[in-house]
Amino acid sequence: MRKDSEKQFKVFNSFAQQNNNYCWTLDEPESTMSLGSTLTKKFPNLSILLLYGPLGAGKTTLVKGIAKSLLIQEPITSPTFPLSQHYPLGSPPLIHLDLYRIEEPHAANEFFLQEEEESKAMGALMVVEWPERLSLPMPDAWRGKLEYSLNKKARNFQLIPPLYKDNKLSISSR
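Residues numbered from 1 in each chain as written. Predicted model: local features only at pLDDT ≥ 70, side-chain atom pairs only at ≥ 80, totals over all residues. Heavy atoms only, no water.

**Focus: the pairing of strand β6 (residues 125–129)**
For a regular strand, side-chain orientation follows a simple rule: the groups alternate between the two sheet faces. The condition that has to hold: Accessible area is worked out with a 1.4 Å probe on protein chains only. A residue is then buried under 20% of its type maximum, exposed over 50%, and partly exposed in between. A run of H or I in DSSP becomes a helix once it reaches four residues, and a run of E becomes a strand once it reaches two; helices and strands are each numbered from the N terminus. DSSP calls a pair of strands paired once it identifies at least 2 bridges connecting them. When the strands point away from the viewer and the path from the first strand over the helix to the second turns clockwise, the crossover is right-handed.
Summarising burial for β6: five of the five residues are buried, a large majority. Every second residue of β6 is oriented toward a common face, with Leu-125, Val-127 and Glu-129 on one face and Met-126 and Val-128 on the other, all of them buried. For strand β3 (residues 48–52) and β6, the ladder comprises four bridges, and the chain directions are parallel. Each residue of the ladder has a partner; that of Leu-49, found in β6, is Val-127. Taken together, the five bridges between strand β5 (residues 94–98) and β6 define a ladder with parallel strand orientation. Counterpart to Asp-98 in the pairing with β6 is Glu-129. Considered for its hand, the β-α-β crossover made up of β5, helix α4 (residues 105–122) and β6 is right-handed.

Take a look at the structure:
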């Protein structure tokens, strides 16, 4: 078994399914990257992923793993200042948004909708950090929540499939 496969297997061993949610415990940045790398394979219909979590929780590290699985060779950086990074050479392409600096919901919505249109035209996976800035209904989006464990030595990641009219799951940034 290849070392990468062993790491992915280890990450999915820390996996638990609760109701319609998927949960992992991540003990180091490498396991966060490994999970990101595995998500696109385990959930191939992932087209929009909304990432919730406090500063420093590992959202961009997770995106680095996702980019690796999409065969993106470019360095992945947080798009906090440019607001978005496009990686058109991925398979599929990746659009990475960070809405942290947009405080006005109307502006965040408008920016998101422009990027979503481009994402659909490219057939890209769109990952959005700080989606709590949006005030749009997003029933077709997957939601991921990274948070520190109680002892702050690990992180917990919860993945919630797209919301459906019968499924009233909600997620908060707290």
